[in-house]
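What follows is each chain in one-letter form.
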Amino acid sequence: MAGFYLDFEKPIADLDQKIDEMIEMSSKDGTDLSSEIVRLKEKREKITKKIYSNLSRWQRVQLARYPKRPYALDYIERLSPSFVELHGDRCFADDHAIVSGIGKIDDYHVAYVGQQKGKNTKENLERNFGMSRPEGYRKALRIMKMAAKFNRPVICFIDTPGAYPGIGAEERGQAEAIAKNLMEMAVLPVPIMVIVIGEGASGGALGIGVGDRLIMLENTWFSVISPEGCASILWRDASKAEMAADAMKVTAQDLHEMGICDEIIPEPLGGAHKDYDLMAQQVKKVIIKELDELMQLETSELIERRITKYDRIGMWEE
Amino acid sequence: MTAWFKRQKEKVTTIEKKSIPDGLWEKCPGCEEILFRRELLKTMMVCPHCHFHFRLVAEDYLKILFAGDSYEELNPQLHSADPLNFKAKKSYSNQLKEATVKTGSPDVISTYLGNLGEHKIVLGVMNFSFIGGSMGSVVGEKVSRAIDYARENSVPLVMICASGGARMQEGIYSLMQLAKISAKLARYSEAGGLYISILTDPTTGGVSASYGMLGDVILAEPGALIGFAGPRVIKQTIGEDLPEGFQRSEFLLEKGFVDRIIHRKEMKEVLTQILEFGHQEVEAHA
């Protein structure tokens, strides 16, 4: 059970350590501690439930970034074991921060676009920590247009700390690439399901995030800027991120209350990383349910509803 | 005279222009010449020596583009709510009040229907002095209605952009304005509507990543900072200095992301040419 724990999981970590020690002790000198171990495990379960039923926004942000969390490819492999990845924007390069391709979920042929983080330093360097460059957004659009041509729905997985702020990315038109995706996705003539599986920061997330449904996993966030970014600008202190997360109301639960997130998918106790298969099954159930509905719509109706959905977002006075 | 206290390096220019002159003299951030303000007003706030373009507000562009008062404002009554009841060091509602007093406007953008020569256009102008030209729900809704008006009445659309990006104080609502406006533009464009965006100093973040970069024709004033990420963020990320002229209009022209750089004195003429080329009946219900 040992491993990586978040700050707020310290009581769980302490119990895990005790349990491990007892197991070791009993195997070493044969002392029978089984009833004690059972008792501790029950306590652990109870504490875990208590912690996870009361998560603060900042704790959810931390969970959304948990390095052991399932990433886009973990879901894609489970939803479509015969997934065929397709690469490149046919313009400049293949951006490894976004994966795309085609697969089948039950009877549905779908196109996938997902922001992909790495599991370790080496992978993260390859994936650029899930921060896309313009070629990533252009690859995504290319795949989506191909999906449209063959009347296949698009599934987008959002998980990014933001679009990459680098010289090359700016030179090659980061803003233009994102803007174009927003415009094209708004009127793409096939269903688009957007699923936030980790973090969704800013235009970098929205660049593959316009669609008919916005689904968010239980412990995820999506906002205009990261809590740290907001804190460093408005408090002039990045360590005020926790306050910024509260002020901006960034969680799935917040967005659901605002009517921007359509549905929240519950995660296993302790977070999505506790059971990849179960998590992927939950995601699949929702995808199938939504596709059953969206695929019935006439194209014009689909697009009209999508535009109207975005048109309604905003709060002003007059 | 505040100009003396502002940063002089070109990369970090923060010159703001108020429509009511608060001094007789202005120091040009481009060439450091001391300029007589009354003369500057005659040259559309462009330095006669180095062509540095000072920031303008909506009223200035109205004078440049429309004859006399041949225009009307659209939806001036919209103003920001505070959907998240947001509070950082300052409360958002106070920030809004202060910005309204400072600029005399209820929010960043003003939209108009006016006559540019023989052409009726819908015009939007953003004001960077209002909370950094940030885009929240009001900008989203006003631009959205401007696009609807343009589509329903077959009137070309011109947006003069100046913005640091989306408005953090409105959280996800502000981010979603990018999608809202882009969706409206998609439908307008499919129906055959003409849209010209004019990027002025600065146009970054959410505005560049939506309607800033979605014009059929994208024009830019000289020397404007244009990009997605701000130069400071990029510098922090890569840990090195940025090349000379990086993210300026001329750089974007060279990289192929703006169609043309226009001096203010040719703005009206160039717009007229494009309007003549691209104005057509729009299928309002397409």
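Above this text is the structure in question.
So, a few notes on the structure that sits alongside this text. The residue numbering used here restarts from 1 in each chain and proceeds along that chain's sequence as written. As a convention, the first chain written is A and the first ligand written is 1, with the rest following in written order. Reporting in this predicted model follows two pLDDT cut-offs: at least 70 for local features of residues, and 80 or more for side-chain atom pairs to be given and counted; totals over whole chains, interfaces and linings ignore these cut-offs and use all residues. The side-chain values count all of the structure's non-hydrogen atoms but skip hydrogen atoms and water molecules.

Quick notes on the overall build of chain B
Then comes step 1: Scanning chain B from N- to C-terminus turns up nine helices and 10 strands.
Then comes step 2: Throughout, radius of gyration means the C-alpha value; the globule benchmark is 2.2 Å times the number of residues raised to the power 0.38. For a compact globule of 286 residues, the expected C-alpha radius of gyration is about 19 Å, and chain B comes in at 18 Å, within 12% of that figure.
Then comes step 3: For chain B, the spread of C-alpha atoms along the three principal axes comes to 55 × 45 × 40 Å.
Then comes step 4: Out of the 286 residues in chain B, the part that is buried amounts to 60%.
Then comes step 5: Approximately 11800 Å² of chain B is accessible, and the part contributed by carbon and sulfur atoms is 51%.
Then comes step 6: Counting 33 positive and 35 negative side-chain charges, chain B places the averaged centre of each group 7 Å from the other. Helix and strand assignments follow DSSP, with helices taken as H or I runs no shorter than four residues and strands as E runs no shorter than two, numbered in order from the N terminus. The rule is simple: take the accessible area with a 1.4 Å probe, protein chains only, and divide by the maximum for that residue type; under 20% is buried, over 50% is exposed, in between is partly exposed. Only the protein chains shown count as cover for residues, and the accessible areas themselves come from Shrake-Rupley with a 1.4 Å probe. Positive charge is attributed to Lys and Arg, negative charge to Asp and Glu, and no charge count is given to His or to the chain ends. Think of each charge as sitting on NZ of Lys, CZ of Arg, CG of Asp or CD of Glu.

Observations regarding a nonpolar patch on the surface
Residues and elements named next belong to chain B.
Then comes step 1: Each patch groups residues whose relative accessible area exceeds 30% and which form no salt bridge, using 9 Å between like charges and 5 Å between nonpolar side chains of Val, Leu, Ile, Met, Phe, Trp and Tyr. Should a side-chain nitrogen of Lys or Arg be within 4 Å of a carboxyl oxygen of Asp or Glu, the pair is scored as a salt bridge. A cluster of nonpolar side chains, namely Leu24, Trp25 and Ile34, defines an oily patch on the protein surface of about 310 Å² accessible area.
Then comes step 2: For Ile34, the location among the structural elements is in strand E2 (residues 34-36).
Then comes step 3: By relative accessible area, which is 38% here, Ile34 ends up partly exposed.

Some thoughts on the pairing of strand E7 (residues 157-163) of chain B
Residue and element names in this part refer to chain B.
Then comes step 1: Taken across its seven residues, E7 has seven buried, putting it largely inside the fold.
Then comes step 2: At least two DSSP bridges between two strands are required for those strands to pair. By the bridge criterion, four bridges tie strand E6 (residues 119-126) to E7 in an arrangement that is parallel. Residue pairing in the sheet places Val122 in a bridge with Leu157 of E7.
Then comes step 3: With helix H4 (residues 137-153) bridging E6 and its parallel neighbour E7, the resulting β-α-β unit is right-handed.
Then comes step 4: Regarding the hand of the β-α-β motif, the stretch spanning E7, helix H5 (residues 171-190) and strand E8 (residues 195-203) is right-handed. The definition of a right-handed crossover adopted here requires that, viewed with the strands pointing away, the path from the first strand over the helix to the second runs clockwise.

Comments concerning helix H13 (residues 276-294) of chain A
Then comes step 1: Here the expected length of a helix is defined as 1.5 Å per residue gap, with one fewer gap than residues. The end-to-end C-alpha separation of H13 of chain A is 26 Å, in line with the 27 Å expected for 19 residues at 1.5 Å each.
Then comes step 2: Among all positions in H13 of chain A, only Met279, Ala280, Val283, Val286, Ile287, Ile288, Glu290, Leu291 and Leu294 of chain A are buried.

Some words on the interface of chain B and chain A
Then comes step 1: Between two residues, a contact is recorded if the distance between any of their heavy atoms is within 4.5 Å. Across the boundary between the two partners, chain B contributes 56 residues, which contact 50 residues of chain A.
Then comes step 2: When chain B packs against chain A, close to 4700 Å² is buried across both sides, 74% of that on carbon and sulfur atoms.
Then comes step 3: Taken together, the links from chain B to chain A amount to four salt bridges.
Then comes step 4: When the shortest N-O distance is used, the salt bridge between Arg145 of chain B and Glu318 of chain A registers 2.7 Å.
Then comes step 5: Polar contact criterion, stated in full: a pair of N or O atoms within 3.5 Å, where within protein one must be able to donate a hydrogen and the other to accept it, and residues adjacent in sequence count only if both atoms are side-chain atoms. Where chain B touches chain A, the interface holds 15 residue pairs in polar contact (both at pLDDT 80 or more).
Then comes step 6: Of all the secondary-structure elements, those providing two or more residues to the side of chain B that touches chain A are strand E4 (79-80), H4, H5, helix H7 (231-238) and helix H8 (249-255) of chain B.
Then comes step 7: Counting residues per element, the side of chain B that touches chain A draws most heavily on H5 of chain B, which supplies 18 residues.
Then comes step 8: Residues are grouped as follows: nonpolar covers Ala, Val, Leu, Ile, Met, Phe, Trp, Tyr, Cys and Pro; charged covers Asp, Glu, Lys and Arg; every other residue, Gly included, is treated as polar. Split by residue class, the side of chain B that touches chain A holds 31 nonpolar, 16 polar and nine charged.
Then comes step 9: Judged from the two bridges that link them, strand E9 (residues 316-317) of chain A and E4 of chain B form a sheet pairing that is antiparallel. Within E4 of chain B, the residue paired with Glu317 of chain A across the bridge is His79 of chain B. Once two parts are put together, the accessible area they lose, assessed with a 1.4 Å probe and summed over both, is termed the buried area.

Structural notes on empty space enclosed by the protein
Then comes step 1: A cavity here means a set of 1 Å grid points, computed over protein atoms only, where a 1.4 Å probe fits but cannot escape. A pocket is an open set with protein on both sides within 12 Å along at least 5 of 7 lines, and lining residues have an atom within 4 Å of a point. Grid points are joined across faces, edges and corners, and a volume is the space filled by probe spheres set on the points. Applying the stated rule across the entire model yields three cavities of 30 Å³ or more.
Then comes step 2: In this model, the largest cavity occupies a volume close to 90 Å³.
Then comes step 3: What lines the largest cavity is a set of 15 residues, among which Glu170 and Gly173 of chain A together with Ile226, Gly227 and Leu252 of chain B lie closest to the centre.
Then comes step 4: Across the lining of the largest cavity, the residue classes tally to seven nonpolar, four polar and four charged.

Section: the sheet that holds strand E3 (residues 71-74) of chain B
The pairing of strands in a sheet happens through backbone hydrogen bonds and is either parallel or antiparallel.
Residues and elements named next belong to chain B.
Then comes step 1: Spatial strand order, E3-E5-E6-E7-E8-E9-E10: seven strands in an open sheet with mixed pairing. At either margin of the open sheet sits one strand with a lone partner, and together these are E3 and strand E10 (260-261).
Then comes step 2: Looking at chain direction, E8 and strand E9 (residues 217-220) are connected through four bridges and run parallel. What sits directly across from Ile198, in E9, is Leu219.

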